[in-house]
Amino acid sequence: MAFKRGICGIIGLMLVVSAPAHAWQTEGSTIGPSGNPLPRFVAMSASKANMRTGPGRQYPIRWVYSRRGLPLEIIDEHGAWRKVRDHEGETGWMLVSLLYGSRSVMIRGKQRALYSEPSLQGDILLTAEPGVIGEIERCDGLWCEVTIDGTSAWIERRHVWGVYTTEEID
């Protein structure tokens, strides 16, 4: 009986230790081993990157991504490896050299209008399909200014993935 209790205790501890940092902490409240906040958003710097099941090349490849600039959320760090989450909630490990700190966002949901100013009364400068990636110029309040194919325009923050709800970017 004591053996079973011990095993259950170890399994319970493993579940707590392996839970992502954001599960019980507020945004930006943790500093990872790299000295950067956890969680945080980055973008994929490579045109092709493997997401692995663990932090090392010996671990199996879970997904292969082929979109430079894809926004990813870093939720953990282990040496040169970063545990990332994609826009669909899939998690796995990538080498830090495949990521960079420049910020991007992905249009989500359905086709979205982007405006000349941070207001629904602004002129519509372009319309973007779900999955389109843009570079973040700045985010303030409910709006983010992004650049897509050389055009800078404003979109409501709630329509993109790659920026936190209250995060301000200059």
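Residues numbered from 1 in each chain as written. Predicted model: local features only at pLDDT ≥ 70, side-chain atom pairs only at ≥ 80, totals over all residues. Heavy atoms only, no water.

Enquirer: I'm lost on the layout of surface pockets in this one. Help?
Expert: Rolling a probe over the atoms, with the probe sized like a water molecule, indicates the empty space that remains. Counted as a void, the largest pocket has a volume near 190 Å³. Forming the boundary of the largest pocket are 15 residues, of which Gly-69, Tyr-100, Ser-104, Gly-134 and Glu-135 lie nearest the centre. No other element matches strand β13 (residues 133-140), which puts four residues into the lining of the largest pocket. In the lining of the largest pocket, the residues fall into five nonpolar, six polar and four charged. (1 Å grid on protein atoms, 1.4 Å probe; cavity = no way out; pocket = protein on both sides within 12 Å on 5 of 7 lines; lining within 4 Å. Points joined across faces, edges and corners; volume = space filled by probe spheres on them. Helix = DSSP H or I, 4+ residues; strand = E, 2+ residues; numbered from the N terminus. Nonpolar A, V, L, I, M, F, W, Y, C, P; charged D, E, K, R; others polar.)

Enquirer: So what exactly am I meant to see when it comes to the pattern of salt bridges here?
Expert: Any two side chains of opposite charge can pair, so long as their charged atoms come close to each other. By the definition in use, this model includes seven salt bridges. Close ionic contact of Glu-90 with Arg-62 constitutes a salt bridge, the shortest N to O distance being 2.9 Å. Residue Glu-90 is found in the loop between β7 (81-85) and β8 (91-95), and its partner Arg-62 is found in strand β5 (residues 61-65); the two are separated by 28 residues along the sequence. Owing to a relative accessible area of 43%, Arg-62 belongs among the partly exposed residues under this scheme. Glu-73 is the salt-bridge partner of Arg-85, the closest N and O atoms lying 2.9 Å from each other. You can see Arg-85 sitting in strand β7 and its partner Glu-73 sitting in strand β6 (residues 71-78), a full 12 residues away along the chain. Of the two residues, Arg-85 and Glu-73, both sit in the buried class. Through salt bridges with shared partners, one network takes in Arg-40, Glu-77 and Arg-82. (Salt bridge = Lys/Arg side-chain N within 4 Å of Asp/Glu carboxyl O. Buried < 20%, exposed > 50% of the residue type's maximum accessible area, 1.4 Å probe, protein only.)

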